[in-house]
Amino acid sequence: MKREDLRRLFAQARKLTGETDYVVLGSLAALGYSGELPPRMAMSLDVDAYGKSAPGRIFELAPALGQGSAFEAENGYYLDPISPRVATLSDGWEDRLVRIELEPGLAAWFLEPNDAAVSKYARMEPRDREWIRAGLQAGILTFAIVEARFKRTVFLDATESGRARRALDEDREWLRGQQR
């Protein structure tokens, strides 16, 4: 996935709703990173996003731009409408969003990669772990930042928190092994 793909998707979304700013969470938040991304960090076909000014309206777009839509059939990717409250995130994440103008009058706001990592540690699906490890190996994610953000995150419950912290510790050891 490339930013141009997001431009195409959000330009269609703007035509349908008038929204000009979209927030991207999930794996494709990595597209807000200014450097070169490892392919694993941009592999997703679903764009987890919501409209910045009217988050709830994003769900209106599912028939036209979501999974199973003509847009997906034509382009090979789709909008996955989400609520801004769906992800487990560190306090202050909204202040760290990275704004990129996709074309005049159309912008995407990307979750900062270390914030995305916190969310992925909370969810901890196998593909999340692959995304995190690719980011750690490439130097896009930083343990010190992720650990600091953990301290400012309210996890769903003790189980989610424990699982996330164990995975973070495991990845610290994994990265040390990679660097030897």
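K.L.:
What should I look at first to understand the environment of Glu94 in this one?
P.N.:
Summarising the element assignment, Glu94 is placed in the loop between strand 3 (78–81) and strand 4 (98–103). Relative accessible area serves as the criterion here: at 52%, Glu94 is assigned to the exposed category. For the pair Glu94 and Pro84, spaced ten residues apart in the sequence, the C-alpha separation amounts to 9.9 Å.

K.L.:
What am I meant to see in the nonpolar core here?
P.N.:
Taken as a class, soluble globular proteins show a tendency for nonpolar side chains to be buried jointly. Phe10, Val47 and Tyr121 are the most contacted members of the largest nonpolar core, which totals 59 residues. Among residues more than four places away in sequence, those in contact with Tyr121 are Ile132, Leu136, Phe143, Val146, Phe150, Ala164, Ala167, Leu168 and Asp171.

K.L.:
When you look at the environment of Arg14 in this model, what are you seeing that I'm missing?
P.N.:
Position of Arg14 relative to the elements: it lies in helix 1 (residues 3–17). Along the chain, Arg14 and Lys52 lie 38 residues apart, while their C-alpha atoms are 12 Å from each other. Apart from residues lying up to four places away in sequence, Arg14 is in contact with Glu19, Thr20, Tyr22, Glu103, Pro104, Gly105 and Leu106.

K.L.:
When you look at the sheet that holds strand 2 (residues 46–51) in this model, what are you seeing that I'm missing?
P.N.:
Adjacent strands of a sheet form backbone hydrogen bonds with each other and so pair up, either parallel or antiparallel. Within the open sheet, the five strands sit side by side as 3-2-1-5-4. Their pairing is mixed. If you trace the sheet from one side to the other, it starts and ends with strand 3 and strand 4, each paired once. Taken over all neighbouring pairs, the strand axes of this sheet differ in orientation by 40 degrees on average, direction set aside. Where strand 1 (residues 21–24) meets strand 5 (residues 106–110), four bridges bridge the pair, whose relative direction is parallel. Counted as the bridge partner of Tyr22 is Ala108 from strand 5. Strands in contact with helix 1 are strand 1, strand 2, strand 3, strand 4 and strand 5; relative to strand 4, the strand with the most contacts, it is inclined by about 75 degrees.

K.L.:
Quick question: what am I supposed to make of the packing of aromatic side chains here?
P.N.:
For any pair of aromatic rings, the description rests on two quantities: the centre-to-centre distance and the angle between the ring planes. Within this structure, the stated rule accounts for four aromatic pairs. Ring geometry for Tyr121 and Phe150: centres 5.7 Å apart, planes at 75 degrees, overall edge-to-face. Remark: Phe150 occurs in helix 6 (residues 143–150) and Tyr121 occurs in helix 4 (residues 113–123); sequence separation between them is 29 residues. Phe150 matches Tyr121 in its accessibility class, with the two residues each being buried. Every member of this aromatic cluster is reached through a ring pair, and the members are Tyr121, Phe150 and Phe155. Positioned over the ring face of Trp109 is Lys52, at 4.5 Å from the centre of the ring. Between Lys120 and the ring centre of Trp131, over which it is positioned, the NZ or CZ distance is 5.1 Å.

Thresholds applied
Residues numbered from 1 in each chain as written. Predicted model: local features only at pLDDT ≥ 70, side-chain atom pairs only at ≥ 80, totals over all residues. Heavy atoms only, no water. Helix = DSSP H or I, 4+ residues; strand = E, 2+ residues; numbered from the N terminus. Buried < 20%, exposed > 50% of the residue type's maximum accessible area, 1.4 Å probe, protein only. Core = buried A, V, L, I, M, F, W, Y, C linked by side-chain atoms within 4.5 Å. Contact = heavy atoms within 4.5 Å. Pairing = 2+ DSSP bridges. Axes fitted to C-alpha atoms, helices over the stretch in contact; angles between N-to-C directions. Phe/Tyr/Trp six-rings, centres within 6.5 Å; stacked < 30°, edge-to-face > 60°. Lys NZ or Arg CZ within 6 Å of the ring centre and 35° of its normal.

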